[in-house]
Amino acid sequence: MLKIILSGGGTGGHIYPAVSVAEELKKRAGDNVEILFVGAEGKMEMEKIPASGYSIIGLPVAGLQRRLTVKNLSLPFKVIKSLNKAISVIKSFKPDIVVGFGGYASAPILWAAQRGKIPTVIQEQNSYAGITNKILAKRADRVCVAYKDMDRFFDKNKIVLTGNPVRANFIGEVRPETAAAHFGLIPEKQTILVTGGSLGTRTLNNAVLSYYDQLKENNNIQLIWQTGKFYENEIGEAIKGRKADNIWHGAFIDRMDYAYEASDVIIARAGASTVSELSLIGKPVIFVPSPNVAEDHQTKNAMALSSVGAAELIRDSDATEQVIPYALELLKDKEKMARMGSKITSLGINDSAKRIVDIILSLISQPHV
């Protein structure tokens, strides 16, 4: 029986890749593998992982706040408690390997595994490595990356280009008319998808609101607008009495495969998982990176694509005024849209989970010193 710990969380960008790898492990090993997830108490993984059918243990670890807060004062105690609990988990579960997918929850369990001479793998999802991963990678056996030239951060002998595993079933064979009908739209009309993720983003919502009436009156254009649950009521009030048949809006899109298929141009943030999904979709993308993330990694992710013509980048500070007009102009340039779609597809890796599982299983079969 193989025993494997997968750790990561805080955001879907850390959870979905881990679940994808778990599913690939189950597909390959069947009942011969036992998988345990380790996450952070109170974070979304404590709900999402059990819903996916896997066991999870939460650590009391928390992230460092960017300003002086009471939470920061309690952080050292949470770290010590988390390290002790991680050591206990390693001793009781006795894993053959531990794989970290990012998020501060993965640090204690990776550290405990390395301390116990257990093989470890790190999956770095961004084009700019975080501090924690750079430290833990020194003793890791392999570092799985999604971008080239990551030897700026890691030992080149440990790096394997795997890409980022994406959500299961987010892409598939979907008919355009089925996708458009899901949102009450017309498949023959050009469509813009605006998505700030399940929580939403104020910048992209304000961008749509600034041009809402113009979009509403444009009979040739349709819009799929994911507002995010944090902004659902606010947006509802803002457009009250201004219903538009060519605009679908909702807090959450339950079928992203339909949204991607129905769209001609996509406006999105540049989190690692989003970038990886869109690289497989092959549609022209305008990235508006969030400035409120550690080490500005979303901007670096977007630049890795925009610098080679695979996407466009508009700064968050400029997006409210610029991103919708830019998308409307892009829809008029079929040749540029085709070039962007082709280029971003050339950067995608569609078997990331398989590649990572190959590494996991090969390390388990090797003697570890």
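Residues numbered from 1 in each chain as written. Predicted model: local features only at pLDDT ≥ 70, side-chain atom pairs only at ≥ 80, totals over all residues. Heavy atoms only, no water.

### Section: the overall build of the protein
When its secondary structure is counted, the protein shows 15 helices and 13 strands. Taken over the C-alpha trace, the protein has a radius of gyration of 21 Å; the compact-globule value for 369 residues is 21 Å, and the two agree within 12%. Here the C-alpha coordinates of the protein stretch approximately 65 × 45 × 40 Å along the principal axes. The burial tally for the protein puts 51% of its 369 residues in the buried class. (Helix = DSSP H or I, 4+ residues; strand = E, 2+ residues; numbered from the N terminus. Rg over C-alpha atoms; globule rule 2.2 N^0.38 Å. Buried < 20%, exposed > 50% of the residue type's maximum accessible area, 1.4 Å probe, protein only.)

### Focus: the environment of K216
Structurally, K216 can be placed in helix α8 (residues 212-217). Separated by 10 residues in the primary sequence, K216 and N206 place their C-alpha atoms 15 Å from one another. Beyond its immediate sequence surroundings of up to four residues, K216 is in contact with R242, K243, A244, N246 and I247. (Contact = heavy atoms within 4.5 Å.)

### What to know about the packing of helix α7 (residues 202-210) against helix α13 (residues 316-330)
For the pair α7 and α13, the least separation of the axes is 8 Å and the interaxial angle reads 30°. Taken together, α7 and α13 sit at an angle that is classed as roughly parallel. For the pair α7 and α13, the sense of crossing is right-handed. Packed against α7, whose contacting residues are T203, N206, A207, V208 and S210, the element α13 presents D316, A319, T320, V323 and I324 at the interface. Among the residues forming the contact of α7 with α13, the class breakdown is five nonpolar, four polar and one charged. (Axes fitted to C-alpha atoms, helices over the stretch in contact; angles between N-to-C directions. Parallel < 35°, antiparallel > 145°, perpendicular 65-115°, else oblique. Left-handed = near helix turned anticlockwise from the far one by under 90°. Nonpolar A, V, L, I, M, F, W, Y, C, P; charged D, E, K, R; others polar.)

### Description of the sheet that holds strand β11 (residues 265-268)
Here six strands make up an open sheet; going across it, the order is β10-β9-β8-β11-β12-β13 and the pairing parallel. Only two strands of the sheet have a single partner each, and these edge strands are β10 (247-250) and β13 (312-313). Those strands touched by α7 are β8 (190-195), β9 (221-226) and β11, and its axis lies near 150° from that of β9. (Pairing = 2+ DSSP bridges.)

### A short note on the nonpolar core
In this structure, I5, L278 and F287 are the most contacted members of the largest nonpolar core, which totals 57 residues. Residues in contact with F287, not counting those within four places in the same chain, are A268, R269, A270, V275, L278, A302, L305, A311, E312, L313 and I314. By size, the runner-up hydrophobic cluster in this structure holds 30 residues, among which are I192, A207, I314 and A327. (Core = buried A, V, L, I, M, F, W, Y, C linked by side-chain atoms within 4.5 Å.)

### A word on the layout of surface pockets
Looking at the second largest pocket, its volume works out to about 540 Å³. In terms of lining, the second largest pocket is formed by 22 residues, of which the most central are A146, Y147, K148, A304 and L347. Listing elements by their share of the lining of the second largest pocket, those giving two or more residues are α11 (272-281) and α12 (297-306). Broken down by element, the lining of the second largest pocket gets its largest block of residues, four residues, from α11. Of the residues that constitute the lining of the second largest pocket, the class distribution is 11 nonpolar, seven polar and four charged. (1 Å grid on protein atoms, 1.4 Å probe; cavity = no way out; pocket = protein on both sides within 12 Å on 5 of 7 lines; lining within 4 Å. Points joined across faces, edges and corners; volume = space filled by probe spheres on them.)

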